[in-house]
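Each chain, written out:
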Protein chains: 2
Amino acid sequence: MNFSSKLLEKAVDEVSLLPGIGKRTALRLVLHLLNRPKSQTLQLTKALEDLVENINFCKNCHNISDGELCEICNNPKRNSKIVCVVEDVRDVMAIENTAQFQGHYHVLGGKISPMEGIGPHNLNIETLVNKVKNKQISELIFATSSTIEGDTTNFYIFKQLEGLDVITTTIARGISVGDELEYTDEVTLGRSIINRIPFETSLKR
Amino acid sequence: MNFSSKLLEKAVDEVSLLPGIGKRTALRLVLHLLNRPKSQTLQLTKALEDLVENINFCKNCHNISDGELCEICNNPKRNSKIVCVVEDVRDVMAIENTAQFQGHYHVLGGKISPMEGIGPHNLNIETLVNKVKNKQISELIFATSSTIEGDTTNFYIFKQLEGLDVITTTIARGISVGDELEYTDEVTLGRSIINRIPFETSLKR
C-alpha cells in the first residue's frame, strides 16, 4: 500500500499484527481512530497499557486476575476441593456464564500439541499435580476441548495422578440442547448412546 | 460476559468500540496481547498515540500527512493543475496504487448524505471551489463512489463551478477488466454501451 504518512503506515503495520486483521482492515480501523475524538483513542491505548503493565495471573489457578488471587479463588463461598481443568481464560468465562459450577478452576494455558511444539512442560500441569498430592483437591473435572489434543492433555494429566487419591471426571459430550439427531455427526451421536444416563437424572436438570 | 479482572474488562470494552469488532472478537484480541511480549503491545499503543497526537491533514488537499503539505502536493514532478476529487484517504491510496495518475488530489472527507446528516458544509468543498476561482486548476476529475450520494456530491460541486474556467471530467464507469458480460448488472452494462470509446483508443492502454 502507498501511504502518504509514516505515522499512518506505522500504526497500520502494528494493528495488522493482530490475529485475523489484515492490512485493509487495519487501515479501516486506524482511519476510524482519526475520525473520532482524540481522547477516545488515548483511553483505548491507556486501557491496553494498563492491562499489559499491571495484569496478574492468579497464583492458585493461573486465571487472569487484578490481584494475587483471582475473584473465584478469593470467594469463600466456592468449593476449592472441586477443580475444573480448562485450557484458557475464555473457558473459565464460558463456564462461569452458565452459573452451574461453584468450584475452583485450573487454567492450563493451552493443550498438549506436538504439531505446535507445545509439550506438557509448557502448561500449568505441575502445579495441578502438586495440589492433588497435597490433598487440596477431591474431584478434578476435565473440561478441555473435545479434540485429539484436548483428549491427549487429559490423558497425560490422568497418568500423572495415578495412585493419588482423587476422583477424575470429564464434562459430558453429547448432542447439543436443541440439536436434531438427523444432523448430528456419527461420533457424537454414537458416544451419546454409549454414555446414556438414567431418564430420571435428566429430569432433575 | 463474566470477567475476573477489571483491567481486562476495561480493555475489552475499549477495543469493542472499534467498528466491526464485537465483545467476543475484542476479548480474543486482548487475550492475544497478553500472550505476546509486553513490548510489542507498547509499540502498538505508542504508534496509535503518535498517530492521533501528531497527524496532520495536508493544507492543500486534506490528505493525511506528516507535515503541512503531503508528499503528493510536495512533489514538484506532479501536475498541480489536474486535480482528482475523492471522498477519503483510502481512495487516494487506491488511485496511487494504480500508478496511472500524476496530478494532485482533493479529499472531500465524505459525500453528501442527508440520511447521515452530512451536508456540503461538512465537506472540504469550499477550499476546492476557491482553488478553481484562483485559477489553480485546469481539470477537475470526479472520482467519488458510483452511488446516489457520490453522484449528488459531484453534481453539487459541478453547480458551484458554473461559469468558472475549468474542465470537469469523471472517471469511466463500465464493466470491470476480467468481468463476463453475462454477470454484469444491467445499469453498468447499459452505461458502458452508451459511453463506448473508439477501439483504437482502447488499444493504447
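This is a predicted model, so every value here is computed, not measured.

**Section: the packing of aromatic side chains**
All names here are of chain A. Counted by the stated rule, this structure contains two aromatic pairs over all chains. Note on Phe 101 and Tyr 105: the rings are 5.2 Å apart at their centroids and 65° apart in plane angle, and the pair reads as edge-to-face. Across the pair, exposure class does not vary: Phe 101 and Tyr 105 are buried alike.

**Focus: the nonpolar core**
Judged by nonpolar contacts, the single largest core of 46 residues is most densely connected at A:Leu8, A:Val15, B:Leu8 and B:Val15. Among the secondary structure elements, those contributing two or more residues to this core are helix H1 (6–15), helix H2 (23–35), helix H3 (38–54) and helix H5 (89–98) of chain A together with helix H1 (6–15), helix H2 (23–35), helix H3 (38–54) and helix H5 (89–98) of chain B. The contacts of A:Val15, once residues within four sequence positions are left out, are A:Ile21, A:Ala26, A:Leu29, A:Val30, B:Leu44 and B:Leu48.

**What to know about the interface of chain B and chain A**
Many analyses report the size of an interface as the accessible area lost when the parts associate. Taken together, the 51 residues of chain B in the interface contact 51 residues of chain A. When the two sides are added together, the surface that chain B and chain A hide from each other amounts to roughly 5,200 Å², 69% of it contributed by carbon and sulfur. By the criterion of area lost to chain A, the three top residues of chain B are B:Ser4, B:Leu7 and B:Met93, representing 12% of everything that side buries. Where chain B touches chain A, the interface holds two salt bridges. For the pair chain B and chain A, the number of links is eight residue pairs in polar contact (both at pLDDT 80 or more). Sorting the residues of the side of chain B that touches chain A by element identifies H1, H2, H3, strand S2 (64–65) and H5 of chain B as the ones contributing at least two each. Element by element, the count of residues in the side of chain B that touches chain A is highest for H3(B), at 15 residues.

**Regarding the pairing of strand S3 (residues 79–86) of chain B**
Residue and element names in this part refer to chain B. Inspection of the sheet shows S3 paired to strand S4 (residues 103–107) by five bridges, in the parallel sense. Its bridge partner lying in S4, Val 83 is registered against His 104. Once the chain exits S3 it traverses H5 before rejoining the sheet at S4, and the crossover so formed is right-handed. In terms of strand pairing, S3 meets strand S5 (residues 139–142) through four bridges, oriented parallel. Looking at the pairing, Val 85 lines up with Phe 142 of S5.

Basis of the calculations
- Residues numbered from 1 in each chain as written.
- Chains lettered and ligands numbered in written order.
- Predicted model: local features only at pLDDT ≥ 70, side-chain atom pairs only at ≥ 80, totals over all residues.
- Heavy atoms only, no water.
- Phe/Tyr/Trp six-rings, centres within 6.5 Å; stacked < 30°, edge-to-face > 60°.
- Buried < 20%, exposed > 50% of the residue type's maximum accessible area, 1.4 Å probe, protein only.
- Core = buried A, V, L, I, M, F, W, Y, C linked by side-chain atoms within 4.5 Å.
- Helix = DSSP H or I, 4+ residues; strand = E, 2+ residues; numbered from the N terminus.
- Contact = heavy atoms within 4.5 Å.
- Buried area = accessible area lost by both parts, 1.4 Å probe.
- Salt bridge = Lys/Arg side-chain N within 4 Å of Asp/Glu carboxyl O.
- Polar contact = N/O pair within 3.5 Å; in protein donor to acceptor, adjacent residues only side chain to side chain.
- Pairing = 2+ DSSP bridges.
- Right-handed = clockwise from strand over helix to strand, strands pointing away.

Everything listed here is a matter of coordinates, which is why it stays silent on function.
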